[in-house]
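# Residue-level structure breakdown
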Amino acid sequence: MRPSRFKAVIFDLDGVITDTAHYHFLAWKRLAEAVGVHFDCAFNEQLKGIDRMGSLDLILTSSGRAFTPTQKLALAEAKNLHYRQLIETMSANNLLPGAMEALMKVRAAGMKVGLASVSKNAFTVLERLGITSDFDYVVDASRIARGKPDPEIFLKAAAELGVAPADCLGVEDAVAGVASIKAAGMYALGVGLPEVLTQADLVISGLDRFDLNVYQ
Ligand code: BG6
Ligand code: MG
């Protein structure tokens, strides 16, 4: 096998490294139903990778009702409180299969390891998982002006890692996240279903299938 042509791998967090995507789903579902919006897996797919207020706006638009900025903030806060309860007991046991091994493979190959998450809870989740120091650089919501699908978050990660975007591989479970990686000019490895992540260069079912020799 020839060595990988990439110099850095930039991972998404929620739904790639750990199954917090499911906790976001549960928290959004409760909020959506409270405002009379039917919420299923298809609706949730549109929210993956989208920041908190953007996700809320999509749900509230579907409700057909008008909400004041104050009401919106209160709803976002309620969702976040519920989400934070759900992640309260997380630990290293919540790493998805193959996640730790994937981080180690990237480092062993001499590449930089980055993380790009639009979540304001990213550092809390990383701490609970015990993997904060396994990344050379983490970009979270506080370090960007525009969320996914804008390329800013992946470009910022590449710049901080000192690697050209064309030499980066991005890993994402969200349609918006894959779009962000492609807009940044990187190779996009999707985690999930090929029929959903149609813009990805390649799709695997999970990081237990992560193989640096394959992505060129
Ligand atoms: C993304 C998730 O990583 O973070 C979204 O895919 C979530 O589902 C977003 O809405 C924002 O997270 P938070 O923790 O800032 O509300
Ligand atoms: Mg994700």
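Computed from a prediction, not measured in an experiment: that's the story for all the values here.

Cut-offs applied
- Residues numbered from 1 in each chain as written.
- Chains lettered and ligands numbered in written order.
- Predicted model: local features only at pLDDT ≥ 70, side-chain atom pairs only at ≥ 80, totals over all residues.
- Heavy atoms only, no water.
- Axes fitted to C-alpha atoms, helices over the stretch in contact; angles between N-to-C directions.
- Helix = DSSP H or I, 4+ residues; strand = E, 2+ residues; numbered from the N terminus.
- Parallel < 35°, antiparallel > 145°, perpendicular 65-115°, else oblique.
- Left-handed = near helix turned anticlockwise from the far one by under 90°.
- Contact = heavy atoms within 4.5 Å.
- Nonpolar A, V, L, I, M, F, W, Y, C, P; charged D, E, K, R; others polar.
- Buried < 20%, exposed > 50% of the residue type's maximum accessible area, 1.4 Å probe, protein only.
- Lys, Arg positive; Asp, Glu negative; His and termini not counted.
- Salt bridge = Lys/Arg side-chain N within 4 Å of Asp/Glu carboxyl O.

## Overview of the packing of helix α3 (residues 52–63) against helix α4 (residues 69–87)
Put simply, α3 and α4 touch, their axes get as near as 10 Å, and they point 110° apart. Put simply, α3 runs roughly perpendicular to α4. By crossing handedness, the relation of α3 to α4 is classed as right-handed. Of the residues in α4, those in contact with R52, M53, L56, D57 and L60 of α3 are K72, L73, L75, A76 and N80. Looking at side-chain class alone, the contact of α3 with α4 contains 6 nonpolar, 1 polar and 3 charged residues.

## Considering the side chain of D173
Note on placement: D173 falls in the loop between β4 (168–172) and α8 (175–183). Here D173 occupies a buried position and makes no salt bridge, while the nearest side chain of opposite charge, K48, is found at 4.3 Å. Contact partners of D173, with chain neighbours within four places excluded, come to D12, D14, G15, V16, A21, E45, K48, V191 and L197.

## A few points about the packing of helix α1 (residues 20–34) against α4
The interhelical angle for the contact between α1 and α4, taken along N-to-C directions, is 140°, at an axis separation of 9 Å. In this view, α1 runs oblique relative to α4, as classed from their interaxial angle. Viewed along their axes, α1 and α4 form a crossing whose handedness is right-handed. Residue-level inspection shows T20, Y23, H24, L26, A27, W28, R30 and L31 of α1 in contact with α4, the latter providing L75, K79, H82, Y83, L86 and I87. In terms of residue class, the contact of α1 with α4 is made up of 9 nonpolar, 3 polar and 2 charged.

Any functional reading would require information beyond the geometric quantities listed.
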